[in-house]
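Now for the letters of each chain:
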Amino acid sequence: MRIPAARLPHWLKTIASEVYLYWRFTRYDISATVIPGMLFMLAAWHSAQPDWHALPGLVVWGMIYFWLYCTTFCLSNQLAGEAEDRLNKPDRPLPSGLVSRRGTWIRWFGTMILFTLVGWWLGVVEWTLLWQVTLTLHNLGGFARHYWLKNLAMMLGVIAQLAAAWQMVRPLTPEAYTWLIFAALTAFANISIQDLRDIDGDRLNNRRTLPIVFGTNFTRGFVAVAFVLSALLTHFALFVPFGLNVGALLLDLVLAGLCLVIAGRVLLFRTTAADHVSYMLYTYWYCFVLAAAIVVL
């Protein structure tokens, strides 16, 4: 039987309200933050002698760590971009009035402190600090206003994310660095797909993103070529050196096909809604790349 909200204990209603609020802040970024980090953490666990007794604890701590990785970014990003969100994403917590700016600042400082402590406890504090510095410069220090600084910040974010994911399980290996560097380099180019859907908001905030500086036609061509090259790099850098068994070959084909679909969509479908779908497909491709590491490594 469903219990009316009015009859719930006050502390339980408070917790439920906070969970819902954080979900509203982070729901569009989970596929680019929490899921990839967890997948690469599982790849690190699987690549050694898998310890099934340690797995539940790793999963719990990994979820906590990458939730904080996601939340610290989203809170500061939405504090900096509230005006833009009123135009492009009015359902977000700040423009919708679900929370005040003061309340968001308090939550951001609290999660930043907690993130540092968890990173220290898990032995990955250097990668935690790298991400904290990067997200602060990106969201509050102006890096998001310039296309190459924005892309550099996302590249550093991938490095911090994946290095922490692996290192919380075992020391970084040459194989881990191969996948980590590949993901970071492709993110530097491919993340420009995000700017195609946010042009109006970026103009409102005087940002100099790739489509604003070089035009949408150039950006679409650049992103399409970047995804075609990503398909080739995935094959030759990630799969061939480690051997192509049946499972790896199937994953290789899926990833190549997804890259080609994204490249085609960017060139053919030119609406904001279509660009959002293309960006989400990119985040799914990123997750599949890291899922492949579980099979290959």
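Thresholds, definitions, all that
Residues numbered from 1 in each chain as written. Predicted model: local features only at pLDDT ≥ 70, side-chain atom pairs only at ≥ 80, totals over all residues. Heavy atoms only, no water. Helix = DSSP H or I, 4+ residues; strand = E, 2+ residues; numbered from the N terminus. Buried < 20%, exposed > 50% of the residue type's maximum accessible area, 1.4 Å probe, protein only. Contact = heavy atoms within 4.5 Å. Areas by Shrake-Rupley, 256 points an atom, 1.4 Å probe, with all protein chains shown as cover. Lys, Arg positive; Asp, Glu negative; His and termini not counted. Charge placed at Lys NZ, Arg CZ, Asp CG, Glu CD. Axes fitted to C-alpha atoms, helices over the stretch in contact; angles between N-to-C directions. Parallel < 35°, antiparallel > 145°, perpendicular 65-115°, else oblique. Left-handed = near helix turned anticlockwise from the far one by under 90°. Nonpolar A, V, L, I, M, F, W, Y, C, P; charged D, E, K, R; others polar. Salt bridge = Lys/Arg side-chain N within 4 Å of Asp/Glu carboxyl O. Expected span 1.5 Å × (residues − 1).

**Student:** Explain the overall build of the protein chain to me, please; I cannot follow it from the model alone.
**Tutor:** Looking only at helices and strands, the protein chain has 13 helices and zero strands in total. Each helix (α) and strand (β) of the protein chain, taken in turn from the N terminus, gives the series α-α-α-α-α-α-α-α-α-α-α-α-α. Expressed as lengths along the three principal axes of its C-alpha atoms, the size of the protein chain is roughly 55 × 55 × 40 Å. Each of the 297 residues in the protein chain was classed as buried or not, and the buried ones make up 49%. Counting contacts in the protein chain only where the partners sit at least 6 residues apart, residues at least 24 apart contribute 74% of the total. Total accessible area on the protein chain stands at roughly 14,100 Å², and carbon and sulfur atoms take up 71% of it. Positive and negative side-chain charges in the protein chain, numbering 21 and 15 respectively, have mean positions lying 8 Å apart.

**Student:** Please clarify how the packing of helix α7 (residues 147–167) against helix α8 (residues 174–190) should be interpreted in this entry.
**Tutor:** Helix-helix packing is characterised by the crossing angle of the two axes and by the distance between the axes. Relative to each other, α7 and α8 sit at 155°, their axes nearing to 8 Å. Put simply, α7 runs roughly antiparallel to α8. As for how α7 packs across α8, the hand of that crossing is right-handed. Contact residues: α7 offers Trp148, Asn151, Leu152, Met155, Val158, Ile159, Leu162, Ala163 and Trp166, while α8 offers Ala176, Leu180, Ala183, Ala184, Leu185, Ala187 and Phe188. Residues that form the contact of α7 with α8 fall into these classes: 15 nonpolar, one polar and no charged.

**Student:** I keep staring at the pattern of salt bridges and nothing clicks. Help me out?
**Tutor:** Counted by the stated rule, this structure contains seven salt bridges. When the shortest N-O distance is used, the salt bridge between Arg86 and Glu82 registers 2.5 Å. Taken as a pair, Arg86 and Glu82 lie in helix α4 (residues 82–88) at a separation of four residues, close to a single helical turn. A salt bridge links Glu82 to Arg101; the nearest nitrogen and oxygen atoms lie 2.8 Å apart. With Glu82 in helix α4 and Arg101 in helix α5 (residues 101–121), this pair connects stretches of sequence that are 19 residues apart. We classify Arg101 as partly exposed; its relative accessible area is 35%.

**Student:** Looking at this structure, I do not really get α8. What am I missing?
**Tutor:** For an α-helix, 3.6 residues make a turn, and residues three or four places apart therefore share a direction. End to end, α8 covers 24 Å across 17 residues, agreeing with the expected 24 Å (1.5 Å per residue, within 8%). Of all the residues in α8, the buried ones are Ala176, Trp179, Leu180, Phe182, Ala183, Ala184, Thr186, Ala187, Ala189 and Asn190. Residues of α8 that are buried make contact with α2 (34–47), α7, α11 (216–239) and α13 (272–296).

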